[in-house]
Amino acid sequence: MKKIFYLLSSAMLMFTACDPMEDVYEELDKANTKDNTTVETVLVKSDYELYKDSTDYPHVAKEQYFIDEAEAAELVPAILNKRYSHLGNGAAITVTYNRLSTPGISNEVSSWVKHTVTSEEYVANGDTKGDNFNSSKDFESFLKRKYPNAVEGQLVVLTYNYFAGTVYENITDSFFFKDGSWMNIYHVTDKDYISVNSLYKNFTSSNNAMLPTYFDKFLKEEVLEAKAGDIMYVSYYYYDFTNYNHKVMAMIYNGDKWVKAEGSVETATLKFKKKNNVWEPDLSISYKLVVEDYVWMSQQSELGTPAQLGNIGVGKNDEGFNRNTNFYQQDPTAARYWKDEDIYNAINALLKYKYPNTEVGKKYAVTYEYYNSGIKAATVVLELMESGEYEVAE
């Protein structure tokens, strides 16, 4: 079995942004200096150019995007201070901005080399017997020693002995140098090539269209418990009918399968509110309750009365009435009526169940449906407190 050691899990690359928007500020005329003003705005070229002299964020002014939401949350407040200094505390602004859809993607191999680790190199790396590696730290220390001047995009196809427990294997693997660190990436094996009828154990231009499909097959067989958004680089031999090369392709898991990760710019929104003269971002995670959530809550006896729990879920309850994927909120005197605090308590339990490793302070903007003269939707923002419970965020 191939062993993939994650020496580094993320990387960054700059992509060309979309054409800058026209420099207009019509929303400024609509705003006023009163507290609790609500504004919607779209960042334009001159906003990004506020960072034209920045050495830390040169891409912002040059390409007019932010790497991700975290970067936008950090840098947008300075833009708002410049454009909306007249707005008072309590003012809220929804900002539409450009960000990378899949940040950190690079398929460029600057150079590559094949190398088989020698006995002397095992010894120099700390193995007294001089015949194997046995941890991810061994790879990292070896590569740093062997390639002290590694450059971005450098690829090493490494053959080595690996010993774990009672298993001793000879393995060929790939290591990719990204953002100053080595990352162990997926290496297409001889068995992989044969499984897709590549008898020469390489790919050519005739395979280009099928490569994402092939790599999805390989990764599904080897990478267990993938989560949506996970990125994996795949290393493979490529023959251009003149030379043999080694290439890489970034793949991203979309929740169902691995697909080619394309670097591009998309628009996103982020809300800010002014508190104590500081623009604070709302970094809550948006989530909408699904059928399975209502079913789970209906099965937790501590979350409500039998009448309330019999109101939600699917199928029929013990009394033969239909359950619903919404909370009943029409008649407060009805036994099945859900008060707001009852709903929030149920969602609190659901969030703790679904996201047991959430950090204190994380917020979830949860959208749920309720019935009051028709089915309607509402959103509540809950924040995880030190107590371990979610409470309505201020």
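Relevant structure appears above.
Computed from a predicted model, the values in this text were never measured in an experiment.

**Examining the overall build of the protein chain**
Here is step 1 of the chain: Along the backbone of the protein chain there are eleven helices and 16 strands.
Here is step 2 of the chain: In the protein chain, buried positions account for 43% of the 394 residues.
Here is step 3 of the chain: Here the analysis covers contacts within the protein chain between residues at least 6 apart in sequence; of these, 62% occur between residues at least 24 apart.
Here is step 4 of the chain: Only carbon and sulfur atoms are counted for the fraction: they give 48% of the accessible area of the protein chain, which is about 21,400 Å².

**Brief notes about unusual backbone geometry**
Here is step 1 of the chain: Here Lys201, not a glycine, exhibits a phi torsion of approximately 60°, which is positive.
Here is step 2 of the chain: For Lys201, the location among the structural elements is in the loop between α7 (190-195) and α8 (211-222).
Here is step 3 of the chain: In the Ramachandran plot, Asn277 falls in the positive-phi region, its phi being about 65° despite a non-glycine side chain.
Here is step 4 of the chain: Take Asn277: it is sitting in the loop between β10 (265-275) and β11 (278-282).

**A short note on the packing of aromatic side chains**
Here is step 1 of the chain: Under the definition given, this model contains 33 aromatic pairs.
Here is step 2 of the chain: A centroid spacing of 5.0 Å and a plane angle of 15° characterise the contact between Tyr355 and Tyr364, whose relative ring orientation is stacked.
Here is step 3 of the chain: Residue classification places Tyr355 among the partly exposed positions, given a relative accessible area of 27%.
Here is step 4 of the chain: Judged by relative accessible area, which is 5%, Tyr364 ranks as buried.
Here is step 5 of the chain: Here the aromatic residues Tyr122, Phe133, Phe139, Phe142, Tyr160, Tyr162 and Phe175 are joined through ring pairs into a cluster of three or more.
Here is step 6 of the chain: Its guanidinium or amino end placed over the ring of Tyr238, Lys247 lies 4.0 Å from that ring's centre, counting from NZ or CZ.
Here is step 7 of the chain: Taking the ring centre of Tyr328 as reference, the NZ or CZ of Arg336 above it sits at 4.0 Å.

**Examining the sheet that holds strand β1 (residues 38-42)**
Here is step 1 of the chain: The four strands are arranged β1-β2-β10-β11 in an open sheet whose pairing can be described as mixed. For this open sheet the edge positions go to β1 and β11, each flanked by a neighbour on one side alone. Taking the axes of each pair of neighbouring strands and ignoring which way they run, one obtains an average angle of 35° across the sheet.
Here is step 2 of the chain: As defined by bridge partners, β1 adjoins strand β2 (residues 92-100) across five bridges and the pair is classed as parallel. Bridging from a neighbouring strand, Val42 pairs with Thr96 of β2.

Conventions and cut-offs
- Residues numbered from 1 in each chain as written.
- Predicted model: local features only at pLDDT ≥ 70, side-chain atom pairs only at ≥ 80, totals over all residues.
- Heavy atoms only, no water.
- Helix = DSSP H or I, 4+ residues; strand = E, 2+ residues; numbered from the N terminus.
- Buried < 20%, exposed > 50% of the residue type's maximum accessible area, 1.4 Å probe, protein only.
- Contact = heavy atoms within 4.5 Å.
- Areas by Shrake-Rupley, 256 points an atom, 1.4 Å probe, with all protein chains shown as cover.
- Phe/Tyr/Trp six-rings, centres within 6.5 Å; stacked < 30°, edge-to-face > 60°.
- Lys NZ or Arg CZ within 6 Å of the ring centre and 35° of its normal.
- Pairing = 2+ DSSP bridges.
- Axes fitted to C-alpha atoms, helices over the stretch in contact; angles between N-to-C directions.

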